[in-house]
Amino acid sequence: MSDRPVLHLRDRAAKALKDEQMRQAVRKAVDRLSGNKDKAARELPNWEEWREQTRLIREHTVDHLDYYLALLTQNIRKAGGKVHFASTAGEARQLIAKLCQQYEAKHIVKSKSMVTEEIHLNSALEAAGMEVVESDLAEYILQLAGETPSHIIVPAIHKNRYQIAELFSRVNGEKVEPDTPALTRFARKVLRDKFMNADVGITGCNFAVAETGSITLVTNEGNARLSTALPKVVITVMGMERIVPTFEDLETVLSMLPRSATGQKVTSYVSVINGPRQPGDIDGCEQFHLVIVDNGRSRILADEEYRAALHCIRCGACFNVCPVYRQIGGHAYGSVYGGPIGSVITPLLENDMVFWGELPYASTLCAACTFACPAKIPLQELLFNLRQKRVSAGHTDAVEKFAFGMWKRFFKLPSTYKFAMKAASLGQKPLVKNGYITAALPILANWTNSRYLPAAADKTFRDRWKKREK
Ligand code: SF4
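These numbers come from a predicted model, not from an experiment.

Draft legend 1. Structural detail: the site of the ligand. By nearness alone, 13 residues border the ligand, and Cys312, Cys315, Gly316, Cys318 and Cys373 come closest of all. The site holding the ligand turns out to be the largest cavity. Residues that form the shell around the ligand fall into these classes: 11 nonpolar, one polar and one charged.

As structure tokens, this is what we get:
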């Protein structure tokens, strides 16, 4: 899925912690987003019932995915569209590049799509000689900066308007003011031309409706609508699980998605496309292709312990409440999918518990993500299970193995436990000040450098209990 980063999670996080500008931008944005979400949740009567309904829809769909995929395919074909399945990222890249070549595409315009990030589509199309332009404002900024998204809903969350103005000024050859209207005016001017000249429009898919074969796209900028209405050929790329059975179900998930993501009651643009243009339609493409990407999802589907990860509606609410994401931002996760859900799905999609198995440790297991999730995915439970899976497979690092080995040895028997407590109480003496260990300890330095570690009590509970009984 992702190009593997060179650094390990610990080093990536340490690097991110030094980037004060990024941390400030992320903190400000997640506070605003989660505050808006809480307000939107309070405004909707029976929020918990809406969450439960969303969970039921997602669970039912994923449990019957084979049926709904077949129904969706049948209805898209009936409407004149073509459906392709890609079992790996490489297969998807090849397939889409071939389709673009078949239509002699030179210029491609894309709307925001995490699955195309996952399969690294842009570089494959560019290598095949095509110009690919991201039309979502944040994605366009990142494309110019040569960066990847750091949040699934707000991809450029780590950037402030001064950095964006600097970037646009460089592209423009003259100064673009660092205020929002000037920045959007600049992007609009550039992108308008790209839309008008695009041979192919490539989109993601928020939800596909199986009963009608409809593709739903939600944006706040209208770029998905232009990407699907202007080019003659449209290719929609969809993760295999992004389906809802009916339009009634779509209504529920579309009520929850914007509220959970940004606190909006409804997204500014909701576009529903049903295959290519039909006689009498005033706009729309002439050729429509849907590429359904597996890339590890079947493996997750087959595993009952982790299947709930496929219930995700990609709202980003879990990112916005995560105390770890808040500190390290999205790039430190090293994967296209960061935050709590990214820490769950990345090792599973990659089928790699060694390198990517580090990600479930990017969590305090506080469960804020689970409570924020509109689909009620038990994220902290899945993160905990993945840690267990990694440990059981023997992939723990040597220091951790040693520390817990010792802990087990001493805590196993009352006599060794007693001895350990006594030894800790005596051994810590030179490091203790006012009841806390304040000096840096070699293996605990990451903790004790920035926090006080409570010292072990002088007298153990057993000693005090014994004294009380006398
Ligand atoms: S796991 Fe839940 S909260 Fe996180 S992005 Fe998915 S649906 Fe939203």
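Draft legend 2. Fine view of the environment of Ile152. You can see Ile152 is positioned in the loop between α8 (137-145) and α9 (161-172). Ile152 gets classed as buried once you look at its relative accessible area, which sits at 3%. Sequence-wise, Ile152 and Gly342 are 190 residues apart; in three dimensions their C-alpha atoms are separated by 9.5 Å. In this structure, Ile152 is in contact with Lys112, Met114, Arg314, Cys315, Gly316, Phe319 and Tyr337, ignoring residues within four places of it in sequence.

Draft legend 3. Layout of the sheet that holds strand β7 (residues 233-239). Reading across from one edge, β1-β10-β7-β4-β2-β3 is the order of the six strands in this open sheet, with parallel pairing throughout. Single-partner strands in this sheet number two, and they are β1 (82-86) and β3 (131-134). For this sheet, the mean inter-axis angle between neighbouring strands, taken without regard to orientation, is 20°. With four bridges connecting them, strand β4 (residues 200-203) and β7 associate as parallel partners. Looking at the pairing, Val200 lines up with Val233 of β7.

Draft legend 4. View of the sheet that holds strand β9 (residues 269-273). The four strands lie next to each other as β8-β5-β6-β9, forming an open sheet whose pairing is mixed. Because the sheet does not close on itself, it has two edges, and the strands there are β8 (243-244) and β9. In this structure, strand β6 (residues 214-219) lies alongside β9, joined through five bridges in antiparallel fashion. For Ile215, the partnering residue across the bridge sits in β9 and is Ile273. Contacts between helix α12 (residues 247-261) and the sheet are confined to β5 (207-209), β6, β8 and β9, with β5 contributing the most and set at about 165° to the helix.

Draft legend 5. Representation of the packing of aromatic side chains within the structure. For the structure shown, the criterion picks out 10 aromatic pairs. For the pair Tyr67 and Tyr68, a centre-to-centre distance of 5.0 Å together with 75° between the ring planes defines the contact as edge-to-face. By relative accessible area, Tyr68 is classed as buried at 10%. Arranged with centres 4.7 Å apart and planes meeting at 20°, the rings of Trp407 and Phe411 form a pair that is stacked.

Draft legend 6. Inspection of a nonpolar patch on the surface at higher detail. Taken together, the side chains of Phe247, Val266, Val270 and Val272 present a nonpolar region at the surface, about 300 Å² in accessible area. Considering the arrangement of structural elements, one finds Val270 in strand β9.

Draft legend 7. Quick peek at the environment of Ala208. Of note, Ala208 is situated in strand β5. Considered as a pair, Ala208 and Ala182 are 26 residues apart in the sequence and their alpha carbons are 35 Å apart. Setting aside its immediate chain neighbours within four residues, Ala208 contacts Leu72, Ser214, Ile215, Met238, Arg242, Ile243 and Val244.

Draft legend 8. How the structure looks around empty space enclosed by the protein. Per the stated rule, a full pass over the model turns up three cavities of 30 Å³ or more. Roughly 100 Å³ of internal volume is contained in the largest cavity. Around the largest cavity, the lining comprises 14 residues; the ones closest to its centre are Cys312, Cys315, Cys318, Cys373 and Pro374. Looking at the lining of the largest cavity residue by residue, the class counts come to 12 nonpolar, one polar and one charged. Put simply, the second largest cavity is a space of about 60 Å³.

Draft legend 9. Structural context of unusual backbone geometry. A positive phi angle is found at Glu104, which is not glycine, with a value near 50°. With respect to the secondary-structure elements, Glu104 resides in the loop between α5 (89-102) and β2 (107-110). Since its relative accessible area comes to 62%, Glu104 is described here as exposed. Of note in the backbone geometry, Arg314 takes a positive phi value of approximately 55° without being a glycine. Note on placement: Arg314 falls in the loop between α13 (297-302) and α14 (317-321).

Criteria and cut-off values
- Residues numbered from 1 in each chain as written.
- Predicted model: local features only at pLDDT ≥ 70, side-chain atom pairs only at ≥ 80, totals over all residues.
- Heavy atoms only, no water.
- Near = heavy atom within 4 Å.
- 1 Å grid on protein atoms, 1.4 Å probe; cavity = no way out; pocket = protein on both sides within 12 Å on 5 of 7 lines; lining within 4 Å.
- Sits in = over half its atoms within 2 Å of the grid points.
- Nonpolar A, V, L, I, M, F, W, Y, C, P; charged D, E, K, R; others polar.
- Helix = DSSP H or I, 4+ residues; strand = E, 2+ residues; numbered from the N terminus.
- Buried < 20%, exposed > 50% of the residue type's maximum accessible area, 1.4 Å probe, protein only.
- Contact = heavy atoms within 4.5 Å.
- Pairing = 2+ DSSP bridges.
- Axes fitted to C-alpha atoms, helices over the stretch in contact; angles between N-to-C directions.
- Phe/Tyr/Trp six-rings, centres within 6.5 Å; stacked < 30°, edge-to-face > 60°.
- Patch = residues over 30% accessible without salt bridge, like charges linked within 9 Å, V, L, I, M, F, W, Y side chains within 5 Å.
- Areas by Shrake-Rupley, 256 points an atom, 1.4 Å probe, with all protein chains shown as cover.
- Salt bridge = Lys/Arg side-chain N within 4 Å of Asp/Glu carboxyl O.
- Points joined across faces, edges and corners; volume = space filled by probe spheres on them.

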